[in-house]
Amino acid sequence: MVEVHDGPPMDGFSVPLRLHNLLLALAGRIDDSALTEARELIARAHIDKAVELTTGTLIAGRIPVSSAEQRELALVLEMSRSDATLANDLLVDETEPVNTHRFSGENAPEFGIAEALDRTLQVLPDVRSVHAVWRNTPAGSVPGALPQRVVLVELGPEGNPPAVAFRVDTALRRAGIHSVVEVSGPGVAHSEYHQAASAAASPAWVTGSTTSSSSSYRPEPAKPAPPVTPEPVAESGSRHSMRSSSTTTAPAEPVAPVVPIVSPPAPEPPRKARAETRAERTADLTPAEVAQLRQALAEDPEKGREIAAGKPSMHEVVELPALDLDDPSLSERDRALLRELHAELAERERAEAAKMRLNGASRSGGDQRGWTAP
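Residues numbered from 1 in each chain as written. Predicted model: local features only at pLDDT ≥ 70, side-chain atom pairs only at ≥ 80, totals over all residues. Heavy atoms only, no water.

Trainee: Quick question: what am I supposed to make of the pattern of salt bridges here?
Mentor: Oppositely charged side chains can pair when the atoms bearing their charge come close. Tallying each qualifying case throughout the model produces 8 salt bridges. Across the pair Glu40 and Arg44 runs a salt bridge, and its minimum N-O distance is 3.3 Å. With its nearest N and O atoms 2.7 Å apart, the salt bridge here joins Arg350 to Glu347. With Arg350 and Glu347 both in helix α13 (residues 332-359) and 3 residues apart, this pair spans about one turn of that helix. Looking at Glu347, the relative accessible area reads 43%, which means it is partly exposed. (Salt bridge = Lys/Arg side-chain N within 4 Å of Asp/Glu carboxyl O. Helix = DSSP H or I, 4+ residues; strand = E, 2+ residues; numbered from the N terminus. Buried < 20%, exposed > 50% of the residue type's maximum accessible area, 1.4 Å probe, protein only.)

Below, the structure written as structure tokens:
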């Protein structure tokens, strides 16, 4: 049975931070995918699942651990209310592990990282530096593609390593940068794996600097514009002479205002005389002619229509008989014409009366044509 109360000097650390530091010590030995997934579970507060995944990966891959690491895993299993006896199945090897990984800082491993982490680093507290390096050797029993980019993040005492590891990894994946993120806080000893990676890493972002992956791609400075040589000005004798010469210069000729020439509108073509209506023809009749027309309509409708059309010469005044619209010999057109003539005659009478009142004169009986009221 593993004694869980004797462990490495991690007293004072919380359970998530203890497991994060343990994963940091196992980097390079455990699979990159399992390492990233366990750190994400820690950030989501699933400590039991994270420690069980880590322990199961070590057991399945027959990855050796030290006795101190075994006790620390058993302690975290117990504190997360998982089965602490899983630690008994770990392969314990007290031989100091030798670092066999090779790292390279060539081919710009830091390219694109500063831009991808710009907004994330602005909100994360106490981030001191970000470095990147290529790892050219596999890690774990199920290695991934090579070379593998490793991002190393250093925090101050105010930082939260589990949260920073998850946020940085999420931002890099969103930007399409596949990498393994290793976040170290103060008070944690670095393994040979991290020491070798840090020695070959290139800085991507450092506190208080503007270091970025785009710093190596500086655009050429813009060429200054050629100086404009001023035209030589003839020197004058004095300021007074200059003022007098400016006042004696001939004034500019006034410019005549431009008056737009507006062509007169083209005369409209004469409108075609519209056909006279029956009312217009009857409006030209005198009262005597209207009486004759009514008499003709009463006696002979055909003759009345000829008179209305202006065919006969209306020189005789015919006595107007009583109007009888019920006469069966009249057609509807005749009755309508008679009604129209009566209305026109009444209107003419009113107009004549008004005219006589305005002029104050009356016509003589000899000048008037005889007509009979309806």
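That was the structure; now back to the text.
Trainee: What exactly am I supposed to notice about the packing of helix α1 (residues 15-26) against helix α7 (residues 161-174) here?
Mentor: Two quantities define a packed helix pair, namely the angle between the axes and the distance from one axis to the other. For the pair α1 and α7, interaxial distance at closest approach is 9 Å and the crossing angle is 60°. The angle between the axes of α1 and α7 places the two elements in the oblique class. Taken together, the residues of α7 that come into contact with α1 (itself represented by Pro16, Leu17 and His20) are Pro161, Pro162 and Ala165. Split into classes, the residues belonging to the contact of α1 with α7 amount to 5 nonpolar, 1 polar and no charged. (Axes fitted to C-alpha atoms, helices over the stretch in contact; angles between N-to-C directions. Parallel < 35°, antiparallel > 145°, perpendicular 65-115°, else oblique. Contact = heavy atoms within 4.5 Å. Nonpolar A, V, L, I, M, F, W, Y, C, P; charged D, E, K, R; others polar.)

Trainee: Please clarify how the packing of α1 against helix α2 (residues 32-43) should be interpreted in this entry.
Mentor: α2 packs onto α1 with a crossing angle of 170° between their chain directions and a minimal axis gap of 10 Å. In this view, α1 runs roughly antiparallel relative to α2, as classed from their interaxial angle. Contact residues: Pro16, Leu19, His20, Leu23 and Leu24 in α1; Leu35, Ala38, Arg39 and Ile42 in α2. In the contact of α1 with α2, the residues fall into 7 nonpolar, 1 polar and 1 charged.

Trainee: Hey, could you run me through the nonpolar core in this one?
Mentor: A general feature of soluble globular proteins is that nonpolar side chains tend to end up buried together. Of all hydrophobic cores here, the largest spans 33 residues; its most connected members are Leu19 and Leu58. Elements represented by at least two residues in this core include exactly α1, α2, α3 (47-60), α4 (67-79), β3 (148-155) and α8 (192-200). The contact partners of Leu19, leaving out residues within four places of it in the chain, are Ile42, Ile47, Ala50, Val51 and Val76. By size, the runner-up hydrophobic cluster in this structure holds 20 residues, among which are Ile113, Leu155, Leu172 and Ala204. (Core = buried A, V, L, I, M, F, W, Y, C linked by side-chain atoms within 4.5 Å.)

Trainee: Honestly, the packing of aromatic side chains in this entry has me stumped. Any pointers?
Mentor: Aromatic ring pairs are defined here through the distance separating the ring centres and the angle between the ring planes. Enumeration over the complete set of coordinates arrives at 1 aromatic pair. Residues Phe103 and Tyr193 carry aromatic rings whose centres are separated by 5.4 Å and whose planes lie at 70° to one another, so their mutual orientation is edge-to-face. Of this pair, Phe103 sits in strand β1 (residues 103-104) while Tyr193 sits in helix α8, and the two are 90 residues apart along the sequence. Pair check on accessibility: Phe103 and Tyr193 agree, each one buried. (Phe/Tyr/Trp six-rings, centres within 6.5 Å; stacked < 30°, edge-to-face > 60°.)

Trainee: Explain the environment of Leu73 to me, please; I cannot follow it from the model alone.
Mentor: Inspection of the secondary structure puts Leu73 in helix α4. Between the alpha carbons of Leu73 and Leu90 there is a distance of 9.7 Å; along the sequence they are 17 residues apart. Sequence-distant contacts of Leu73, that is, excluding residues within four places in its chain, are made with Leu22, Val51, Thr54, Thr55, Leu58 and Leu90.

Trainee: I tried to follow unusual backbone geometry on my own but got confused; where do I start?
Mentor: Negative phi is the rule for most residues except glycine; trans is the rule for most peptide bonds. Here the bond from Leu146 into Pro147 is cis, since omega is -5°, no more than 30 degrees from zero. Its location among the elements puts Pro147 in the loop between β2 (127-135) and β3. Look at Ala45: it is not a glycine, yet its phi comes out positive at around 70°. By the secondary structure assignment, Ala45 is in the loop between α2 and α3.

Trainee: Honestly, the confidence of the model for the protein chain in this entry has me stumped. Any pointers?
Mentor: Interpreting fine coordinate detail is not advised for predicted regions of low pLDDT. Looking at the protein chain, pLDDT values average 75 and 60% of them are 70 or higher. Segment residues 271-283 is flagged for pLDDT under 50; beyond a separation of four residues in sequence, or across chains, it makes 12 contacts in the model. For the stretch residues 364-374, pLDDT sits under 50, and the model shows 16 contacts to residues farther than four places along the chain or on other chains. (pLDDT = per-residue confidence, 0-100.)

Trainee: Help me understand α7, please; the structure alone is not making it clear to me.
Mentor: Three- or four-residue spacings in an α-helix give side chains the same orientation, since the helix completes a turn every 3.6 residues. Along its 14 residues, α7 runs 20 Å from first to last C-alpha, staying within 8% of the 20 Å computed at 1.5 Å per residue. Looking only at α7, the buried set comprises Pro161, Pro162, Val164, Ala165, Val168, Asp169, Ala171 and Leu172. Considering only its buried residues, α7 is in contact with α1, α2, α5 (113-116), α6 (118-123), β3 and β4 (180-184). A positive phi of about 85° marks Gly176, the residue just after α7. (Expected span 1.5 Å × (residues − 1).)

Trainee: Even after reading the chapter, I still don't get α1, so can you show me in this structure?
Mentor: Taking 1.5 Å of rise per residue, 12 residues should cover 16 Å, and α1 covers 17 Å from first to last C-alpha, within 8% of that figure. Of all the 12 residues making up α1, 10 are buried; the element is thus mostly covered by neighbouring parts of the structure. For α1, every residue scored as buried is listed here: Val15, Leu17, Arg18, Leu19, His20, Asn21, Leu22, Leu23, Leu24 and Leu26. In this structure, the buried residues of α1 make contact with α2, α3, α4, α7, β4 and α8. Looking one or two residues past α1, Gly28 carries a phi angle of roughly 95°, positive in sign.

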